[in-house]
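# Understanding the architecture of this molecule
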Amino acid sequence: MKYKKVCIEAFGYEIPDNIVKSSQIEERLSSLYERFNLHHGRLEMMTGIKERRFFNNGTKPSDASIKASEKAMAKAGIKREDVDFLLHCSVCRDFLEPATATTVHKSLKLPSKTGIFDISNACLGFLNGMVTLANMIELEQIKTGIVVATETSEILIEKTIKDLLEDKSMTKTKLRLYMASLTLGSGAAAVILTHSSISRTGHKLLGGSSRTASQHNGLCRVVPDACFYSNNHPAMQTNAEELIKNGHLLALDTWEATKKELGWSNEDVDKVSCHQIGATQRKPLLDLLGLDLSKDFSTAHYLGNIGSVSLPITFAIGVEEGFIEQSDKVAMLGIGSGLVCLMLGVEW
């Protein structure tokens, strides 16, 4: 896919105030650690995640999505009546039906002309939303739109800790399936995309490529779907080793396709913004892709894995902190369970 008419106007994001350290989670699991003779500090050592943020109890995904959207609109100088489309793109939603986008639309007081729907595709949902909106803009169906997502991981982590402590049949091997769940954090991100003819920034979304390896869709599962089966909150099981190994292979395939589509070489890339599953996975992935670690900006060590929000919130903070500069060619490297991969090129 290639775009000639799509620009990124502004990002907005919301980071919760409640800090939860990896050491605090391990302290709650002390009895399990003692049972299996595990040393405290292994969670941070294995992932590079020192802490993550959680929203207050009762915070709905739409609550944070509204705030992130408002911030993005304010930065972009976009009026409500100018928004042609709104996509809500996180795993977490307020309810099964209707779309969470309806709640965000109502609270933002967007006009009735503004089209909406939800997109959900694991950690890739936000980038899928950007592509969907970009396609509409490129086809000149719309001029301006918002992509927004919020992940709220508090309930899933609480459920995971409870299950680990109560499961009398727990083994060391089984425990590994739950460790990735403990890396999750919470947050929200939004982005405004516009037609180049009305862009104030000129930050170009150039296009990219996607690849799918659905034979690996069982490596990370959130089960059960509470909406259908019970009132129990879902829990996540992840074969992290196989997920990372096969995810990296898919990423390499996608990166080669993306470079070909954009006419880039590795030397053309000034900066990189990756999906954040952990700080320790940055170098192995970038080495495989032939990209220098110094070009990558990371937030995993203090925000954890925020699912679909990880990449856009990291990009936004990178811009704020001056890491991503005017005219930089930036590679957005998205990978999600499924396995699915989508990589985009930006000329900032």
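See the structure above.
Here is a short report on the structure shown in this document.

Quick notes on the rules
- Residues numbered from 1 in each chain as written.
- Predicted model: local features only at pLDDT ≥ 70, side-chain atom pairs only at ≥ 80, totals over all residues.
- Heavy atoms only, no water.
- Buried < 20%, exposed > 50% of the residue type's maximum accessible area, 1.4 Å probe, protein only.
- Helix = DSSP H or I, 4+ residues; strand = E, 2+ residues; numbered from the N terminus.
- Arc of directions from axis to C-beta.
- Phe/Tyr/Trp six-rings, centres within 6.5 Å; stacked < 30°, edge-to-face > 60°.
- Lys NZ or Arg CZ within 6 Å of the ring centre and 35° of its normal.
- 1 Å grid on protein atoms, 1.4 Å probe; cavity = no way out; pocket = protein on both sides within 12 Å on 5 of 7 lines; lining within 4 Å.
- Points joined across faces, edges and corners; volume = space filled by probe spheres on them.
- Nonpolar A, V, L, I, M, F, W, Y, C, P; charged D, E, K, R; others polar.
- Core = buried A, V, L, I, M, F, W, Y, C linked by side-chain atoms within 4.5 Å.
- Contact = heavy atoms within 4.5 Å.
- Disulfide = S-S within 2.5 Å.
- Salt bridge = Lys/Arg side-chain N within 4 Å of Asp/Glu carboxyl O.
- Pairing = 2+ DSSP bridges.
- Right-handed = clockwise from strand over helix to strand, strands pointing away.
- Polar contact = N/O pair within 3.5 Å; in protein donor to acceptor, adjacent residues only side chain to side chain.

### Points about helix H8 (residues 172-179)
Every buried residue of H8 is listed here: Leu175, Tyr178 and Met179. Along H8, the residues classed as buried sweep out an arc of 105 degrees about the axis, all on the same side. For H8, the exposed residues set more than 90 degrees away from the buried face come down to Thr173 and Arg176.

### Re the packing of aromatic side chains
All told, the structure shown has five aromatic pairs when counted by the stated rule. Between Phe315 and Trp348 the ring centres are 5.4 Å apart and the planes differ by 65 degrees, which places this aromatic pair in the edge-to-face class. Note that Phe315 is positioned in helix H13 (residues 310-320) and Trp348 in the segment after strand S13 (340-347), a separation of 33 residues in sequence. In this structure, Phe315 and Trp348 share a single accessibility class: buried. Taken together, the ring pairs connect Phe11, Phe315 and Trp348 into an aromatic cluster. Looking at Lys271, its charged tip hangs above the ring of Phe323, at a distance of 4.9 Å from the centre.

### Looking at empty space enclosed by the protein
If you walk through the whole model with that rule in mind, you get one cavity of 30 Å³ or more. In this model, the largest cavity occupies a volume close to 40 Å³. Together, Cys123, Leu124, Phe126, Leu127, His275, Ser308, Leu311, Pro312 and Gly334 line the largest cavity. Listed by contribution, the elements that provide at least two residues to the lining of the largest cavity are helix H6 (125-138) and H13. Its residues assigned to classes, the lining of the largest cavity comprises six nonpolar, three polar and no charged.

### Side note on the nonpolar core
Membership of the largest hydrophobic core comes to 43 residues, with the highest contact counts inside it found for Ile8, Met130, Leu193 and Leu205. The biggest single contributor to this core is H6, with eight residues. Once residues within four sequence positions are removed from consideration, Met130 is found in contact with Ile8, Val147, Val191, Leu193, Leu205 and Met332. Grouped together as the second largest cluster of nonpolar side chains are 21 residues, Ile25, Leu38, Ile157 and Met170 included.

### A closer look at the layout of surface pockets
As a volume, the second largest pocket reaches approximately 180 Å³. What lines the second largest pocket is Glu14, Ile15, Pro16, Asp17, Asn18, Phe54, Phe55, Asn56, Thr59, Asp63, Ala64 and Lys67. At three residues, the largest contribution of residues to the lining of the second largest pocket is made by helix H4 (residues 61-76).

### Points about the environment of Lys143
With respect to the element layout, Lys143 can be found in the loop between H6 and strand S6 (144-151). On the accessibility criterion, Lys143 (38% relative accessible area) is partly exposed. Remark: the alpha-carbon pair of Lys143 and Lys5, spanning 138 residues in sequence, is separated by 9.8 Å. Leaving out residues up to four positions away in the same chain, Lys143 has contacts with Asp84, Ile137, Leu193, Thr194, His195, Ser197 and Ile198.

### Quick notes on the state of the cysteines
Taken as a whole and judged by the stated rule, the model has zero disulfides. Between Cys7, a cysteine without a disulfide, and Cys89, which holds the nearest cysteine sulfur, the sulfur-to-sulfur distance is 19 Å. The buried category is assigned to Cys7, whose relative accessible area is 4%. Among the cysteines around Cys341, which has no disulfide bond, Cys274 carries the closest sulfur, lying 10.0 Å off.

### Focus on the pattern of salt bridges
Under the counting rule described, the total for this entry stands at 17 salt bridges. Ionic pairing is found between Glu140 and Lys5, a salt bridge with its closest N-O pair at 3.3 Å. On the criterion of sequence distance, the pair formed by Glu140 in the loop between H6 and S6 and Lys5 in the segment before strand S1 (6-14) is long-range, its members being 135 residues apart. For Glu140, a relative accessible area of 48% translates into the label partly exposed. Residue Asp84 is joined to Lys113 by a salt bridge in which the shortest nitrogen-to-oxygen separation is 3.2 Å.

### Some remarks on the pairing of strand S5 (residues 115-118)
In terms of strand pairing, strand S4 (residues 85-88) meets S5 through four bridges, oriented parallel. Within the sheet, the bridge partner assigned to Leu86 lies in S5 and is Ile116. Once you follow S4 into helix H5 (residues 100-108) and on to S5, the crossover reads as right-handed.

### Some points on the environment of Ser199
With respect to the helices and strands, the residue Ser199 is situated in the loop between strand S7 (187-195) and strand S8 (204-212). Taking the C-alpha atoms as reference points, Ser199 and Lys5, 194 residues apart in sequence, are found 9.6 Å from one another. Among residues more than four places away in sequence, those in contact with Ser199 are Cys7, Glu9 and Thr194. For Ser199, the side chain forms a polar contact with the main-chain nitrogen of Thr201, separated by 3.2 Å.

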